[in-house]
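# Survey of secondary and tertiary structure
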Amino acid sequence: ATSAARVCSTSADIGSLYDMFSRSGLEYGPMFRLLRSASFSDSTCICILSVPDKSLQQSHLLPPNLIDVVLQSSAVALGLDGTKEAGTAQVPYAFYQIWLRPSSIESLWQHDTCRCHVTIRRSERKMSVFDCSLLTADGCVVMHMKGVYVRSIESNALDTKTDPIGGTESLQYE
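Here we summarise the structure given alongside this text. (Residues numbered from 1 in each chain as written. Predicted model: local features only at pLDDT ≥ 70, side-chain atom pairs only at ≥ 80, totals over all residues. Heavy atoms only, no water.)

## Thoughts on the overall build of the protein chain
Counting secondary structure elements, the protein chain contains five helices and seven strands. From first element to last, N terminus to C terminus, the protein chain shows the α and β order α-β-α-β-β-α-α-β-α-β-β-β. Every one of the 174 residues in the protein chain was classed for burial, and the buried ones make up 44%. Put simply, the protein chain shows about 9100 Å² of open surface, and 50% of that area lies on carbon and sulfur atoms. (Helix = DSSP H or I, 4+ residues; strand = E, 2+ residues; numbered from the N terminus. Buried < 20%, exposed > 50% of the residue type's maximum accessible area, 1.4 Å probe, protein only. Areas by Shrake-Rupley, 256 points an atom, 1.4 Å probe, with all protein chains shown as cover.)

Structure (structure tokens):
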């Protein structure tokens, strides 16, 4: 991640990234907006993330919103942060391998921020594959996801008014 940090010299606009997610039908509430800053190059990005509410440590090894923001970070490496031509959000549908280092988790909770590193392996208009790592503030790897497969979604694919079974559930993530 250190060599990637030297290469990633372009800053991403985090507000534009969440605007793009919203236009695509993914309304992230404050608990899922943990991206503080991000910088990227052609196929990689380094992000600074907020560590979620420490009370979540009691019920989660890694809280779902922190895992989700690691996946959100791929949009920066894909250039979908709103600074390039209009993109659409991509959502995961397959993972080749997920590795977790339990001995580093305690260190993650000792800081207010942590880091994420994403490297794009393959990118097409409607589908991408990437690897990503979650690191503590001191640079220890906590989680590594290899071969994360994502597909593009269109805003009309997610109707936030009704669910596919006919209910009236919202997809806004608090």
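## With respect to the packing of aromatic side chains
Using the criterion set out here, one finds five aromatic pairs in the structure. Ring geometry for Phe21 against Tyr28: centres 5.3 Å apart, planes inclined by 70°, an arrangement best described as edge-to-face. Here the two residues Phe21 and Tyr28 agree in accessibility, since each one is buried. Among the aromatic residues, ring-to-ring pairing joins Tyr18, Phe21, Tyr28 and Phe32 into one connected group. A cation over an aromatic ring shows up here: Arg151 above the ring of Tyr93, its NZ or CZ 3.7 Å from the ring centre. (Phe/Tyr/Trp six-rings, centres within 6.5 Å; stacked < 30°, edge-to-face > 60°. Lys NZ or Arg CZ within 6 Å of the ring centre and 35° of its normal.)

## What about helix α2 (residues 14-23)?
Every buried residue belonging to α2 is among Ile14, Ser16, Leu17, Tyr18, Met20 and Phe21, and all of these are buried. Those residues of α2 that are buried lie in contact with β2 (35-40), α3 (64-72) and α4 (74-77). Capping the start of α2, Asp13 holds a side-chain oxygen 3.1 Å from the backbone nitrogen of Gly15, two or three residues further along. Following α2 by one or two positions, Gly25 adopts a phi angle in the positive range, close to 100°. (Contact = heavy atoms within 4.5 Å. Polar contact = N/O pair within 3.5 Å; in protein donor to acceptor, adjacent residues only side chain to side chain.)

## A look at the pattern of salt bridges
Any two side chains of opposite charge can pair, so long as their charged atoms come close to each other. Evaluated as defined, the whole model comprises three salt bridges. The partner of Asp112 in a salt bridge is Lys54, and the shortest N-O contact between them spans 3.9 Å. Here Lys54 lies in the loop between β3 (44-50) and α3 and Asp112 lies in the loop between α5 (102-108) and β5 (113-123), a separation of 58 residues in the sequence. Owing to a relative accessible area of 54%, Asp112 belongs among the exposed residues under this scheme. Taking the relative accessible area as the measure of exposure, Lys54 reaches 34% and is therefore partly exposed. Residue Glu124 is joined to Arg122 by a salt bridge in which the shortest nitrogen-to-oxygen separation is 3.0 Å. (Salt bridge = Lys/Arg side-chain N within 4 Å of Asp/Glu carboxyl O.)

## What about a nonpolar patch on the surface?
The grouping of Tyr93, Tyr96 and Tyr149 at the surface amounts to a nonpolar patch, some 340 Å² of accessible area in total. Tracing the chain through its elements places Tyr149 in strand β7 (residues 141-152). (Patch = residues over 30% accessible without salt bridge, like charges linked within 9 Å, V, L, I, M, F, W, Y side chains within 5 Å.)

## Examining the pairing of β3
The element β3 is extensively covered by neighbouring structure, given that six of its seven residues are classed as buried. Bridging between β2 and β3 involves five bridges; their strand directions are antiparallel. The residue bridging Ser37 from the neighbouring strand is Ile48, located in β3. Two successive antiparallel strands, β2 and β3, enclose a turn made up of three residues. Here β3 pairs with β5 via seven bridges, running antiparallel. Across the sheet, residue Ile48 finds its bridge partner in β5, namely Arg115. (Pairing = 2+ DSSP bridges.)

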